[in-house]
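# Structural overview
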Amino acid sequence: MPRARATMRDVAAAAGVSLATVSRVVNQLSGISPETRRLVEQAIEELGLPAPVPRGGTPKPVEGAVYVRCPYVLTDYFGLIVSSIAETLEQHGRQVVLNAGEAAVQDPVLTRLASRRDIGGAILILPPEPSEDLVRLSSRRFPFVVVDPRTALPRDIPSVSAAHHSGARQLTAHLTSLGHTRIGVIAGPREWLAADARLSGHSAALADAGILPDPALVRHDQPTTLHGYRAARDLLALDPRPTALVAFNDKAAIGALQAAAELGLIVPDDLSITGFDDLDLSRATTPQLTTVRQPLQEMGRMAVSLLTRLLDRHELEARHVELAVDLVVRGSTARRR
């Protein structure tokens, strides 16, 4: 049965190294070969012990650059988050190593991060890797924070996200207050945590209005303009058709606007449409989109704040931070005729 607290001697004996070597590894000091460092870290993990605390007081802050992984094109959504992270890290005197672009999706980065001596910690934005890979990285005591997690995370992995459930609930409540009872949903991928939370918020708002959710009015798809267009065409072919559509994001809502125009429907007179995110393009449409504003830049700043505390070896009082969102009402929604 593992002890409540690891000692230098326990780790040194398991790894076959000296106490001084263990101390240097724990404090992230130089002068240790990668293989020796790996043996010490492996011993800590296999013993199932918490990170050893060296004699002499509080461990030194973790040095090294911050690895920012965003395996997507840096458009207005991801670009805002990454820019905010980079600017905030610069204010903290931390260098940034950026891994971005769609090609980075196939890069097995997580298996190598903990062994890189030039990297002190990481911020992972909507990581496509399964949660098991994140748990494995965390077990190696590598400090990292997840922004907008794709899947549910264990309690001990720090994360920052927007209040998806609350935002979706506000949107649908806005539509029901306008008299809409048959509302189509262009939801995100089924396996996404945000998609599940937003669909839950939508259902809660329907329940508040005394409306039973109808699975026939939900389409799960990728959050792109093209997929939003296809899902909207499918939903608007129903008889009776929905009088309103809530899209997973602003891009999918743009696709819904295109579908409505092709069918000769006037927005918002014949059909109300909402988005999510409040990107610049939500104000470039005619009519402008009713949407939910996500605090994207604040999400980046909060991620840096959490990671900085981890790098300084401070305990986190809150590991799962959910930032409030705002309903933004514009011209794409109106009372049901």
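Look above for the structure.
A brief look at the structure comes next. None of these values were measured; they are calculated from a predicted model. (Residues numbered from 1 in each chain as written. Predicted model: local features only at pLDDT ≥ 70, side-chain atom pairs only at ≥ 80, totals over all residues. Heavy atoms only, no water.)

## Looking at helix α10 (residues 250–262)
Its 13 residues give α10 an end-to-end C-alpha distance of 19 Å, which sits within 8% of 18 Å, the value for a rise of 1.5 Å per residue. Listed in full, the buried residues belonging to α10 are Asp250, Ala252, Ala253, Ile254, Gly255, Ala256, Leu257, Ala259 and Ala260. The secondary structure elements touched by the buried residues of α10 are β6 (183–187), α9 (225–236), β8 (244–247), β9 (272–274) and β10 (291–293). Glycine 264 occupies a position one or two residues after α10 and carries a positive phi of about 75°. (Helix = DSSP H or I, 4+ residues; strand = E, 2+ residues; numbered from the N terminus. Expected span 1.5 Å × (residues − 1). Buried < 20%, exposed > 50% of the residue type's maximum accessible area, 1.4 Å probe, protein only. Contact = heavy atoms within 4.5 Å.)

## Here we look at the nonpolar core
Counting 39 residues, the largest nonpolar core has Ile85, Ile123 and Ile125 as its most contacted members. Contributing elements (two or more residues each) for this core: β1 (65–70), α4 (76–91), β3 (119–125), β4 (144–147), β5 (159–162), α8 (193–208), α11 (296–311) and β11 (320–323). Here the element with the most residues in this core is α11; it accounts for eight residues. Once residues lying within four places of it in the same chain are set aside, the contact partners of isoleucine 125 are Val68, Arg69, Cys70, Pro71, Tyr72, Phe78, Ile81, Val82, Ile85 and Val147. (Core = buried A, V, L, I, M, F, W, Y, C linked by side-chain atoms within 4.5 Å.)

## Points about the sheet that holds β9
Spatially, β7-β6-β8-β9 is the arrangement adopted by the four strands of the open sheet, whose pairing is parallel. Two strands bound the open sheet, and with one partner strand each, they are β7 (218–220) and β9. Neighbour-to-neighbour, the strand axes of the sheet open up by a mean angle of 15°, direction not taken into account. When β6 meets β7, the two strands line up parallel, connected through three bridges. Note that in β7 the partner of alanine 187 across the bridge is histidine 220. Contacts from α8 reach β6, β7 and β8, with the element oriented near 165° to β6. Packing against the sheet, α10 makes contact with β6, β8 and β9, and its axis sits at approximately 160° to β9. (Pairing = 2+ DSSP bridges. Axes fitted to C-alpha atoms, helices over the stretch in contact; angles between N-to-C directions.)

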